[in-house]
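# Residue-level structural notes
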Amino acid sequence: MNRLGAAPLALLWALPLLLSLAMLLPAASDGAAWHMALAHPQLWPALALSLATGAVSTLIALAISLLLIGGLSRSAMWNRLQAVAATGLAIPHLAFAIGFGFLIMPSGLIARLFVGGDAPPYWVSVQDPWGVALTLALALKEVPFLLTAGFAVLSRGDAAARLRAEARTAASLGHAPGSAFLRVVLPPLMKELRWPLVIVFVYGATVVDMALVLGPTQPPTLAVVIWHALNNAEPMTNGMGLVMTLLLTGALAIVLAAVALLKRAGRNATHRMLTAGPSLLQRPRATALVIGLAVTAMLALALLVLVLLSLAPRWPYPALLPAAVDASAWMAVSPAPLWLSLLLALAATAVAVASTVLWFETQDRNRDRWVIGLALVALALPQLASAGGQYRLLLPLGLTGTLFGLFLAHLTPVAAYVLIVLAGPYRAFDGRYIAAARALAASQLSAWARVKLPLLKAPLLIAAAIGFAVSIAQFVPAQLIAAGRFSTLPMEAVTLASGGNRPLTAAFALALTVPPLVAFLAAALLGRPRWR
Amino acid sequence: MHLKLTRRSFAGLLGLTPFLSTARAEESWADIEAKARGQTVYFNAWAGSPQVNAYIAWVADELNTRYGIALTHVKLTDTAEAVRRVRDEVRAGKDGSADLIWINGENFHVMKEEQLLFGPFTEDLPNFALVDIDGKPTTRVDFAEGTEGLESPWGMAQLTFFADGAKLDTPPMSMMELLDLAKEEPGRIIYPAPPDFHGNTFIKQALAETIEDRTLLPVSIDKAIFTEASKPLFEYLDQLHPSLWREGKQFPQSQAQVTQMLADGELLMGLTFNPNEPANLVMAGTLPDTTIAWQNRDGSIGNTHFVAIPINSTSTAAAQVTANFLLSPEAQARKADLKLWGDPTVLDMDKLNPSQRALFNHAKVAGSVKKPARTIPEPHGSWVPLLEAAWLERYGA
């Protein structure tokens, strides 16, 4: 039973992934490639920039998310916040970067509103050398993800009941609501947000599309240098890109290890803080409301700007609205590739969730670290690199240009995300519920289906929605494996966007927002606890 | 894995197959057309422009009705993707997923070097006789590398600048005049950072206009000669950069971004490799109809783009018929039409009959280049990595 339970995840996901990565080793062990990488004048400053933008954006996103959860959970705003988070999560990163960029750039909406004049001001507001614009955009874009991961924890049936009881106990001991939140809700929340936070950091430090729009160029982030190198036709330059990938992945691992050590060293201080006597700290409702509205406004404005940009072939400074509206960009959005995208997303999500749940049910939790580690590696590596390995693996097997190969290419990142998002909530499930059900003579299966499944409904639905969204956005591996035999919505979108036509890019970005938006809203709606 | 074929043994295997080697030489064009019927051509082509995609869709329709060929446009963001795919396939001894690739420059060099291309076939194409090989020598020389019949010319490109004539009445017609303009209007001019293709071309143009000994450009050079010969270029760039956008400390990532910044009003001028792109953008409503386009007085860097057939293609006959159709006066004229794409033809007007020539009579429209300048061929390929490295060293971090 145990071995069998691990089989789907191992055979469909872990094994192909490991073999794909192994395909990359020969090129990355080439001495000349190492020499080229280490002699690259941008290597070290670009690496520093990548780590800084990743780390700072993660910290800002975490601070905002905790403030919002602490200030607004169990308030009237809570459900509305879930809808905002769902919308924010559904916007593709690149789309948000374009919308956000058009707000702050010298010829952007803010300058048009508040500066005016014939020519745009000389602002250094996008592509600033310090990566501030990129960091802010990343932080804003990740707030919905962390919030959603937080919802997955807080709206879980078993946890919600326990947390409420514990908060009541804290209140009876004289803790004000804010004080009780810090001591009762925050510790388990942070524990379960650990892996989502790691994803946010890894994503921020390795993102390419957002960095191309908002990031600095001299030097750019290392991910951009790597992207250029891997995109090259010359095998030697590709090898340099792979070496740089190893360096970046290694640096990320070192940072994460350092954070883990720091956390261990700070355990005593945390303990003292948590066990200190009650305080009168209130929930930061007003601050949370202001920050929540600001984040909502930025997301809404970015979306609104995208709609305008998709309809405006020309929108010169300092006009506040485009002179003419033209829907021709939307005409290019064809429905045929959408169906294939939806089919693949549903299949990949279903298989990913089922095999992950099977893993959790049959495997010891000590084994989780291996699959989660592998999932993190899969997400940290630039897709151009891992996709190259995957292509070389599937090619001799005759799976390139087939629907099954395309499915595997989608499953790799989808299963990685589902694993990471689900691990915290699933493993934290209070086993006493099952014990109680079994004591009431329920079979193992019916205890799982009738007790555990409903209680874990929220995190399961959210993990599925995230998996679905990840699948809808897949481009690089899919494009390579499809070898021109199949076309999905992102393939149409990204190839057209490579021409830099802004209305087209905006129209496709919005089209790519709709399916995940439906998924997230459905997850938020269906995932609400039946009891309150 | 017993059937492990290397590139060379795969190529060798093809050569050993007597049917393939002798038949190819004697195959008449009619035979090729007959064989092509019913084949499918996977045309791997950059797809960042709706105009280009629409043109390729038209080609697909025509090939289907005229020759019974099914053409599928495999949409790429970067041609190097197809190069890597073909390389992996040939290494694994697999049939090709690509039958025709839109290609030039470094991607062609790599494929030629690694023997990944089918051919020579180009000069046996019936329509190749119409190509302007004397007036447009780059139809047979791709970035100073002989094509040797391994790729068939498709369209012409030449570095062209453009601006809003309402904001810039006297355009700079040389790199020196560009420097003067930048000093007058600091922060309003920029070029994309190399190794972006257009960024490289801007640098090459500056190189061609500043170098003391122009005879060095078409020849292979080493680092020592490069360092000496590029001194005036870097003196020029050192002077230019402080007057550029962001004082030349940050550079946009792509030509498209420069164009967008021009359209938004943040920049004064843009650059392109398609002389008809400005007119096309006016037509699409992206640029105002006061747009002007020009090429530097003493000529500007130009080249040709091609189509090539991978060595492991299983539809080489249909791919050749496609390449030949792309060279037909009808297809070339349609491609040159500003309303549809505006890609300049590789054909020689003097080799066409009057009715074929008439197909090319498109009216000049706003944003067309007023006075076309002569083409300066691309410098030898050995210049490019040295230029990129030196630029990165000086301005990269």
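Definitions and cut-offs
Residues numbered from 1 in each chain as written. Chains lettered and ligands numbered in written order. Predicted model: local features only at pLDDT ≥ 70, side-chain atom pairs only at ≥ 80, totals over all residues. Helix = DSSP H or I, 4+ residues; strand = E, 2+ residues; numbered from the N terminus. Rg over C-alpha atoms; globule rule 2.2 N^0.38 Å. Contact = placed C-beta atoms within 7 Å. Buried ≥ 20, exposed ≤ 12 C-beta atoms within 10 Å, placed from the backbone. Expected span 1.5 Å × (residues − 1). Nonpolar A, V, L, I, M, F, W, Y, C, P; charged D, E, K, R; others polar. Pairing = 2+ DSSP bridges. Axes fitted to C-alpha atoms, helices over the stretch in contact; angles between N-to-C directions. Right-handed = clockwise from strand over helix to strand, strands pointing away. Domains from an automatic or database assignment. pLDDT = per-residue confidence, 0-100. Bend = angle between axes of the 7 residues up to and from the residue. Left-handed = near helix turned anticlockwise from the far one by under 90°.

## Brief notes about the overall build of chain A
Counting secondary structure elements, chain A contains 26 helices and zero strands. The C-alpha radius of gyration of chain A comes to 24 Å, within 12% of the 24 Å expected for a compact globule of 532 residues. Principal-axis analysis of the C-alpha atoms places the extent of chain A at approximately 65 × 60 × 45 Å. Partitioning the intrachain contacts of chain A with sequence separation of at least 6 by distance along the chain shows that 82% fall at a separation of at least 24.

## Describing the overall build of chain B
Helix and strand counts for chain B stand at 16 helices and eleven strands. In terms of overall dimensions, chain B is globule-like: its C-alpha atoms have a radius of gyration of 22 Å, near the 21 Å expected for 397 residues. Sorting the 397 residues of chain B into buried and exposed places 52% on the buried side. Considering only residue pairs separated by 6 or more positions, chain B has 81% of its internal contacts joining residues 24 or more positions apart.

## Notes on helix H5 (residues 78–90) of chain A
All names here are of chain A. When the terminal C-alpha atoms of H5 are compared, their 19 Å separation across 13 residues agrees well with the 18 Å that a helix rising 1.5 Å per residue should span. Here H5 has its buried residues at Leu-81, Gln-82, Val-84, Ala-85, Ala-86, Thr-87, Gly-88, Leu-89 and Ala-90. On its buried face, H5 sits against helix H4 (43–72), helix H8 (132–154), helix H15 (285–311), helix H23 (457–472) and helix H26 (502–526).

## Remarks on the interface of chain B and chain A
With 49 residues of chain B in contact, the opposing surface of chain A contributes 47 residues. For the side of chain B that touches chain A, the elements supplying multiple residues, two or more each, are strand S1 (40–46), strand S2 (70–76), helix H5 (80–91), helix H6 (105–113), helix H11 (255–264) and helix H16 (383–395) of chain B. Here the side of chain B that touches chain A is built from residues that sort into 18 nonpolar, 18 polar and 13 charged.

## Observations concerning the sheet that holds strand S7 (residues 160–164) of chain B
Residue and element names in this part refer to chain B. If you trace the three strands from one edge of the open sheet to the other, you get S8-S7-S9, paired in antiparallel fashion. The outermost strands of the open sheet, each flanked by one partner alone, are strand S8 (269–272) and strand S9 (291–294). Within the sheet, the average angular offset between the axes of one strand and its neighbour, ignoring direction, is 25 degrees. Where S7 and S8 come together, four bridges link them in antiparallel fashion. Across the sheet, residue Thr-160 finds its bridge partner in S8, namely Thr-272.

## Brief notes about the pairing of S1 of chain B
Residues and elements named next belong to chain B. Of all seven residues in S1, six are buried, a share of seventy percent or more. Note: S1 against S2, seven bridges, orientation parallel. The residue of S2 that forms the bridge with Thr-40 is Ala-70. After leaving S1, the chain enters helix H4 (residues 50–67) and then returns to the sheet as S2, a path that is right-handed.

## Digging into unusual backbone geometry
Residue and element names in this part refer to chain B. In this model, Gly-119 is joined to Pro-120 through a cis peptide bond whose omega is 5 degrees. Counting through the fold element by element, Pro-120 comes out in the loop between H6 and strand S4 (141–142). Following Pro-194, the chain continues to Pro-195 via a peptide bond in cis, the omega torsion being 10 degrees. Here Pro-195 shows up in the loop between helix H7 (175–184) and helix H8 (197–210). A positive phi angle is found at Gln-115, which is not glycine, with a value near 55 degrees. Tracing the chain through its elements places Gln-115 in the loop between H6 and S4. By the C-beta count within 10 Å, which is 14 here, Gln-115 ends up partly exposed. Non-glycine residue Arg-246 carries a positive phi angle of around 50 degrees. Here Arg-246 shows up in the loop between helix H10 (231–240) and H11. Under the C-beta neighbour-count criterion, Arg-246 is labelled partly exposed, with 19 such atoms within 10 Å.

## A look at the domain arrangement of chain B
Residues and elements named next belong to chain B. When cut into domains, chain B gives domain 1 (7–155 + 305–358) and domain 2 (160–302 + 373–395). The centre of domain 1, based on its C-alpha atoms, is set 30 Å off from the matching centre of domain 2. Every contact between the two is made by twelve residues of domain 1 and, on the other side, 14 residues of domain 2. When grouped by side-chain class, the residues that make up the side of domain 1 that touches domain 2 number five nonpolar, four polar and three charged.

## Observations concerning the confidence of the model for chain B
Residue and element names in this part refer to chain B. Taken as a whole, chain B shows an average pLDDT of 91; of its residues, 93% reach a score of 70 or greater. Note that pLDDT drops below 50 for residues 1–24; the model gives that stretch 14 contacts with residues more than four away or on any other chain. Confidence metrics for the complex model read pTM 0.90 and ipTM 0.87.

## Notes on the environment of Met-244 of chain A
Residue and element names in this part refer to chain A. The residue Met-244 is located in helix H13 (residues 235–265) in this model. Given 29 C-beta atoms within 10 Å, Met-244 falls into the buried group. Spatially, the C-alpha atoms of Met-244 and Leu-47 are 9.2 Å apart, while their sequence positions differ by 197 residues.

## Digging into the pairing of S9 of chain B
Residues and elements named next belong to chain B. Across the two faces of S9 the burial is the same, with Thr-291 and Ala-293 and Ile-292 and Trp-294 all buried. The sheet contact formed by S7 and S9 spans four bridges and is antiparallel. Following the sheet pairing, Phe-162 is matched in S9 by Ala-293.

## Section: H8 of chain A
All names here are of chain A. The terminal C-alpha atoms of H8, which comprises 23 residues, lie 32 Å apart, in line with the 33 Å expected from a rise of 1.5 Å per residue. Considering bend angle alone, the principal kink of H8 is centred on Glu-142 and spans about 30 degrees; proline Pro-144 follows within four residues of it. Across the 23 residues of H8, 21 count as buried, placing the element largely inside the fold.

## Concerning the environment of Val-333 of chain A
Residue and element names in this part refer to chain A. Checked against the element boundaries, Val-333 lands in the loop between helix H16 (328–331) and helix H17 (336–362). Looking at Val-333, the number of C-beta atoms within 10 Å reads 19, which means it is partly exposed. For the pair Val-333 and Ala-33, spaced 300 residues apart in sequence, the C-alpha to C-alpha distance is 41 Å. Ignoring any residue separated from it by four or fewer positions in sequence, one finds Val-333 in contact with Ala-507, Phe-508 and Ala-511.

## Some thoughts on the confidence of the model for chain A
Scored by pLDDT, chain A comes out at a mean of 90, with 99% of its residues at no less than 70. Averaged over each element, pLDDT in chain A is lowest for helix H2 (residues 25–28) of chain A (82) and highest for H4 of chain A (96).

## Some thoughts on the packing of H8 of chain B against H10 of chain B
Residues and elements named next belong to chain B. Where H8 meets H10, the closest approach of the two axes is 8 Å, and the angle between their N-to-C directions is 120 degrees. The two elements H8 and H10 meet at a crossing, and its hand is right-handed. Together, Ala-206, Leu-207 and Thr-210 of H8 and Pro-232, Leu-233, Tyr-236 and Leu-237 of H10 make up the contact between the two elements. Of the residues assigned to the contact of H8 with H10, the class counts are six nonpolar, one polar and no charged.

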